[in-house]
Every structure is written in structure tokens, then in C-alpha cells.
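Geometric and topological summary
Each chain is listed here by its residues.
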2 protein chains.
Amino acid sequence: MKHKKHHPYKLWQLLIAGLSLLIYSNAFAFDYFQVLPKAPLIPATNPLSPEKINLGKQLFFDKRLSQDLSINCNHCHNLMAGGDDGMPRSKGYKNQQSQRSAPTLWNIGFQTVLYWDGRAPNLEQLIPDHLRDPAIMGVRDLAEIEKRITAIPAYGEAIKKAFPGTKQAVTQSVSMAMASFLRTLLTPNSRFDQFIRGDKSQLTQAEQQGMDLFRTEGCLACHFGVNFAGPAPGPAMTMGDGFYELFPNHPGSQYDSSHDLLSDLGVFQVSGNKADKRLWRVPPLRNIALSAPYFHNGSAKDLDEAIQVMAVAQYRKKLETEQIRKIRLFLLTLTGEIPKITLPKLPGIAGKPFYSEKTMK
Amino acid sequence: MKHKKHHPYKLWQLLIAGLSLLIYSNAFAFDYFQVLPKAPLIPATNPLSPEKINLGKQLFFDKRLSQDLSINCNHCHNLMAGGDDGMPRSKGYKNQQSQRSAPTLWNIGFQTVLYWDGRAPNLEQLIPDHLRDPAIMGVRDLAEIEKRITAIPAYGEAIKKAFPGTKQAVTQSVSMAMASFLRTLLTPNSRFDQFIRGDKSQLTQAEQQGMDLFRTEGCLACHFGVNFAGPAPGPAMTMGDGFYELFPNHPGSQYDSSHDLLSDLGVFQVSGNKADKRLWRVPPLRNIALSAPYFHNGSAKDLDEAIQVMAVAQYRKKLETEQIRKIRLFLLTLTGEIPKITLPKLPGIAGKPFYSEKTMK
């Protein structure tokens, strides 16, 4: 397996990081398999607070953050389901089809790579980018959205409370609040986690065999770490120092065309750097059962197909039906507990329309 | 359309009904002002059960009930806000603008008239109608949606549990479950309700003066009953025996054109009967502060404008600014407590796409 890492580390950095991890945190260690930690690393520049989380939740569900009030974040990242939209490629503003599939938001705080190509270094910067994307929220001018939000007294108040004494752009507060909310989206206690914590009754024989195959057939080479997506943010890997892999690692199979694996070149689309061709984030596998279809373009309709294609594209390996089945059974054990979330109450202006017609066109 | 008159009752019916009401139920009596009852009348043909309510809630939030998976019921009836969409006229399937404004769903169980023109006799029949409407959920063939739903094992199970031993079309179960959920959407304990229950400190002097004006200036003539929309379903009024009023009662004002009050003729659009021209349901006023803009076509941008237009259109009366202000202040006291609702978990098929591509086009 060719590991083509985007941001390689110096040996001494890796050694120190590895040692600290071994000593301080079993949860973050590069064990084969790791339990979902209680919380992701929270950036010192944006500590969590209930005020930010609540505001972030309101904004997440508020369609007023899209240009024409038609969609909210939950439209493509459905927290009533897999944290995605279940579509091959997402349909955002004006029902425009995005180039890629919406990734899940569950456990997003453990991701080091955001977007399929890592083009945002952290959640705080991803959010304004999402707002402005013509195929996502379609916002033409962030200043308009800022006006819309601050025209609602309860939002003005909530921003003040979440960021007391801070002078910053409304978009900055919005982004920090939403990033805070996103970092709370955790799905603990999958059967896999319970198994790793010691309750061996949680996994059947076939699931355990699938777990072994997952490791021995090479899936684990890239899908390791707490989120099965490479290292989580921590001492060894900060956000933005993304972990990428080649996909397909071995072009030339029938799947290049059947699954359209070569038209979108991943990180290269952003960097223009030849070395980045076919470089992609490693998608997390927790709750993978909830987010079919698969791949950046949604071209694999179900898990069996995804496993089959991956084995060929990455290892030139044709897995047997029984191996695929067992790996699939293992992957199904990665579904965690979806937390209870109450519907937020979206504030308005009593007796007045909640938007200005001027900002709607 | 069978209801051509405002008040389609015989005198003796009204007398008996009135007497029973006085004797049996203060909550349903035609008092000037009434507290929101604990629950609406539940039809004997569809008693409430937790299983139906839970299933109904899931379906309410499930986009798979729209033809192209783009919208759920909450899209136009936002339970995170006023139970409507805050738009002048709603945008449903494929972003098509509906002819009319989406009414609130809060306290919908107290309505006798559904749709602005009463064209559905009850919630159970309204739902398939909503699904099929090309400007609402856009479903071409209910059988396709039934297949989509029953393809999801957890929905199959939930339907069986909610309707044990019953043989009926899936759409019928879906409609009964959703109607059950809708009947639980209550907003009790508005300041108005607390005032009526005896806590006179809840309303300011100006709000109480507004309450008096609301009665003496004639608003109450139509906006009476627990939902300020005429009689609630009960002994005197069953669903389908709708309560309608003329609007504008006095055509000929400047508002006919400025607010486009004559192009849509209400009940007449459904019945084709001349006597039904300009006949409309009386919109409920609870939580009215949350659902600007106003009227069937959303042509009144805020409450002051709505009050002003209504006085002229119904009574040829020009209210003073101060009177309008006080009536508005009273109306703002009708905002109840929005209940806590947890996000439902929408079931899927583990590791498989949640829709069949065939049913998507």
C-alpha cells in the first residue's frame, strides 16, 4: 500500500507524539481499534459553552442561513438519520446537485480532514465557505445574512451571551457557535465500542471474523483511529494537517468507469498540484450503515459494493462473497447511539415577517 | 362543497348544542374568551396511541414522503417556529409557489376547517391530498410512496404496532398516524390563557384594552372559540361542518387591489358555487405573532397592517393607530408555550440506500 501523505512529519515529531499518546491517552493511541472518546479535542481558540452550543444548534436548523430561505444545514446533513442526506450527490440551494456526496456530521469533531478534499482547515472556516457555496447555501453576500440574523433580537442577544465582550464579525460568531454545536454530535456505545471495552458478547462470531478481515485485508491501513478515518485531532495531528490517501490506488480496473473514479481528482481539484491527483480524505466508518450510497460521488450503492470496489481499487484484490459479507457485518457494528436532540426554537420578530424581502431575491 | 352558508345550522340545533355546552363543558362554551383545552376532541375512528403519535412524528419529518426526497412536512409547517414557513405563499415540491400561505399546525386539532377553503373534511383525508398535491409533496403515485415506506423494515414494524390486526392501505395508516401526531401539537399557557384562568397580572393595561377593543370592534364576531377561529370540533360542530366567513365582507376598498383580495375566491374555487365567493375559513389567532405575513395570500406583512385591513374590509371601519397598537398587543399575548419535541430517528436499511432509484424521478 502506497501511503501518500499530504503533510508528512519528521521522525522525531512522530516519535514524541507516539510516546505521549502511549503514556497519556489510550483512547488516542494508534491501537488497531479504538473506542469513541467522550469528546473530541476542542480548539483553545473556541472553547465549548452551552450558550455557543445552543446558538449553534438554532443556526444549524435555521433556513434563514440560505439565500432564499429554502434549506438549512440539516437538509443535507440530516441529524434525524445518518447525518447526511442519503443521496449519491447532495442537492443544495435551488436543488442544484453538488459535485460530491454530503459526509456525515456524526463525530465530525474527530475528523482532521473536512470536505472530501480537505479544503477547509477547520470547522470554523468551513462554515462561511458552506454558506457562500452556490451549490450549498447559495449566499451571495454574507453581509446580507448577517443583517438578517441581527434583525432578530433574540439572535442578537444570543450572540452577545455566547461571545461576551467580544468584537467580531457576526459570521465569525455564527461559525464558532455552529462549530461548537457540531463538536457535540457524538454517537457513543456502538456494539463495536462495547466489544472493545471488554464485553465480548456484543459481536457475533461472523462479526469478529469480519473485524479480523478488516485488518488483515488492509482496510485498517487507512481506516484506523477513533473515527476509522486516520488520526483524530490531537498532539500528533492538528486540524488542517490532513490525512489523505490515493483512491483508486490502482487505477485501471473496470470500476474506473463503472464508478466514475477518475473524473474527479480530489485534492488536485483544489491545489492544482499533480502530486495531489486522486488524493482523498479517508471517509470515517462510524455509522457507515446509515449513509449509503458510498464514495465521494455516491457511486457505490451499498456496503457490499463499496467493499468489493475498495479491495480492487486499493489492493487489486478480489474478495470472496463470504469475506465481503463478514466485513459488512463488522461495519454494521459501528453504528452508535444517536443522541436525543430537541428541536430548537427559532426566534422571530413578534408579529412581523422573519425576513426582509430585500434579502430574499 | 356542501357548506354554502356561514352558519349552516337550524335554530333548534344551535339551542340544544348551546345548552349541552353550557352544562357539560366550560372549555367548549361559547364564552367570549376561552382557555386552550388540554386536548382536542379525538375522533372515535382514530383514537390516539403513543405508537401512532411516534410513527406520525417520524413520517412528518421524513423527506421520503415527497416525490424527490427534497422536503418533509416540516418544510412548510416548521415546528421549530410558528408551525408555518413565514412565507407569503408557501414553496413546496420543486420550489413551486403554492397559491396560498401555509397555515400553522399548532393547535390544529381545534380547527374545524382545514385548508383555507375547507376542502378536506378531516386531517386523515387531508394528508394523502397533501402528498399528491403537485405544489406540496408532488407525489405522482401513492403506491410508489407506500413501497418506499414498507421497504424500510422499521416502518413496516411500526405500522404493524400502531395498527395491530388491521388490514388497510399503507397510506391510510400513514394518514392516521400523522393526524394523531398533529393532534398533539398544543401550545398551552399563553399569557392570555393565564389571564383567563384568573391571573390578572399577566396582561398589562394596554393589552387588556386591546382585548376589549378586539371584542367591541368586532374581531371576536368571527375569531371566537378556543382557537379564535370559530367553534372547535365538539358536540355542536364536527369536522367538515366548517365555519366560514366572507372576506372581504365589504369589497370596494383600496385593499382589494393593494392586497389582491378578489382574485382568489376561497371556497368558490372548490365548489364553483356563486354563493361561496369570498368565503374563507377564519384563521386561528393563537401564536399569530409567530406567523407573519398574514392572510391567505400573505399580503399583509405584519400584524398592524392585517388589523387595519381587516377593520376596513369587514366593517368599513378605519381604526386609529392607537387602537391598532392595542389590538396588536393583545394578539401578542396569544403566544403559547411551544412544546419540547425531540428529533425523531428516521429508520433506514442498514448499509443500503434509503430509497429506490426507480421511485425518485
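Since we're looking at a predicted model, the values are computed, not measured.

The rules behind each value
- Each chain has its residues counted from 1, following the order in which its sequence is written.
- The order in which chains are written sets their letters, starting at A; the order in which ligands are written sets their numbers, starting at 1.
- The predicted nature of this model means local features are confined to residues of pLDDT at least 70 and side-chain atom pairs, given and counted, to a pLDDT of 80 or more, with totals for whole chains, interfaces and linings taken over all residues.
- The basis for every side-chain value is the complete set of non-hydrogen atoms in the structure, without hydrogens or water.
- The definition of a nonpolar core used throughout is a set of buried Ala, Val, Leu, Ile, Met, Phe, Trp, Tyr and Cys residues joined through side-chain atoms within 4.5 Å.
- Only protein chains enter the accessibility calculation, which uses a 1.4 Å probe. A residue is then buried if its area is under 20% of the maximum for its type, exposed if over 50%, and partly exposed in between.
- Should any heavy atoms of two residues lie within 4.5 Å, those residues are counted as being in contact.
- A cavity, in this analysis, means grid points on a 1 Å lattice covering only the protein atoms where a 1.4 Å probe fits yet has no way out; a pocket is instead an open set bounded by protein on both sides within 12 Å along at least five of seven lines, and a residue lines either one if it has an atom within 4 Å of a point.
- Grid points are joined across faces, edges and corners, and a volume is the space filled by probe spheres set on the points.
- Think of it this way: any DSSP run of H or I at least four residues long counts as a helix, any run of E at least two long counts as a strand, and we number them from the N terminus.
- Side-chain classes are defined by residue name, with Ala, Val, Leu, Ile, Met, Phe, Trp, Tyr, Cys and Pro counting as nonpolar, Asp, Glu, Lys and Arg as charged, and the others, Gly among them, as polar.
- Copy-to-copy alignment: least squares on C-alpha atoms, limited to residues at pLDDT 70 or above in both.
- Here is the rule: rings of Phe, Tyr and Trp (six-membered ring for Trp) pair when centre to centre is within 6.5 Å. Planes less than 30 degrees apart are stacked, more than 60 are edge-to-face, and the remainder are tilted.
- Placement of a positive charge over a ring is assigned whenever Lys NZ or Arg CZ falls within 6 Å of the ring centre and within 35 degrees of the normal to the ring plane.
- Axis definition: a line fit to C-alpha positions, over the contact stretch in the case of helices; interaxial angles, taken between N-to-C directions, run 0 to 180 degrees.
- By convention the crossing between two helices is left-handed if the near helix lies anticlockwise of the far one by an angle smaller than a right angle, and right-handed if it lies clockwise.

With that settled, consider the nonpolar core. Core analysis: the largest hydrophobic core is formed by 88 residues, its most contacted members being L79 of chain A together with L79 of chain B. Setting aside residues up to four positions removed in sequence, L79 of chain B forms contacts with L343 of chain A together with F60, F61, N74, L105, W106, F181, L185, I338 and I341 of chain B.

With that out of the way, let us pick up the layout of surface pockets. Residues and elements named next belong to chain B. Empty space within the largest pocket amounts to approximately 780 Å³. Lining of the largest pocket is provided by 40 residues; of these, H223, P283, L285, F295 and M310 occupy positions nearest its centre. Within the residue set of the lining of the largest pocket, elements represented by two or more residues are α9 (219–222), β1 (244–246), β2 (279–281), α12 (303–315) and α13 (321–332). By residue number, the principal contributor to the lining of the largest pocket is α12, which donates seven residues. Each residue belonging to the lining of the largest pocket can be placed in one class, and the counts come to 26 nonpolar, nine polar and five charged.

Rotating chain B by 180° and moving it 0.0 Å along the rotation axis overlays it on chain A with an RMSD of 0.1 Å. On this basis, the relationship between the two copies can be described by a two-fold rotation axis. Within chain B, T342 of chain B has its C-alpha nearest the rotation axis, a separation of 2.0 Å. A shared interface surface links the copies, since 100% of the contact residues of chain B are contact residues in chain A too.

Overall, the coordinates contain 26 aromatic pairs over all chains when judged by the stated rule. Where F33 of chain A meets F214 of chain A, the ring centres are 6.2 Å apart and the plane angle is 40°; that geometry is what we call tilted. Of the two residues, F33 of chain A is situated in the loop between α1 (11–24) and α2 (50–60) and F214 of chain A in helix α8 (residues 205–216); the sequence distance between them amounts to 181 residues. With a relative accessible area of 11%, F33 of chain A lands in the buried category. With relative accessibility at 1%, the residue F214 of chain A sits in the buried group. Both rings, one in F192 of chain B and one in F228 of chain B, keep their centres 5.2 Å apart while their planes meet at 65°; by these two values the pair is edge-to-face. Residue F192 of chain B is found in helix α7 (residues 191–196), and its partner F228 of chain B is found in the loop between α9 and β1; the two are separated by 36 residues along the sequence. Classification of F192 of chain B by relative accessible area gives buried; the value is 0%. One aromatic cluster is present, formed by F33, F192, F214, F228 and F330 of chain A through successive ring pairs. Taking NZ or CZ as reference, K317 of chain A lies 5.2 Å from the ring centre of Y315 of chain A, over its face.

Moving on to the packing of α2 of chain A against helix α5 (residues 153–162) of chain A. Residue and element names in this part refer to chain A. Interhelical geometry of α2 versus α5 gives an angle of 145° and a closest axis separation of 8 Å. Helix-helix and strand crossings are classified by hand; for α2 and α5 the assignment is left-handed. Note on element contacts: α5 touches α2 through Y155, A158, I159, K161 and A162, opposite E51, K52, L55, Q58 and L59. Class assignment for the residues of the contact of α2 with α5 results in six nonpolar, one polar and three charged.

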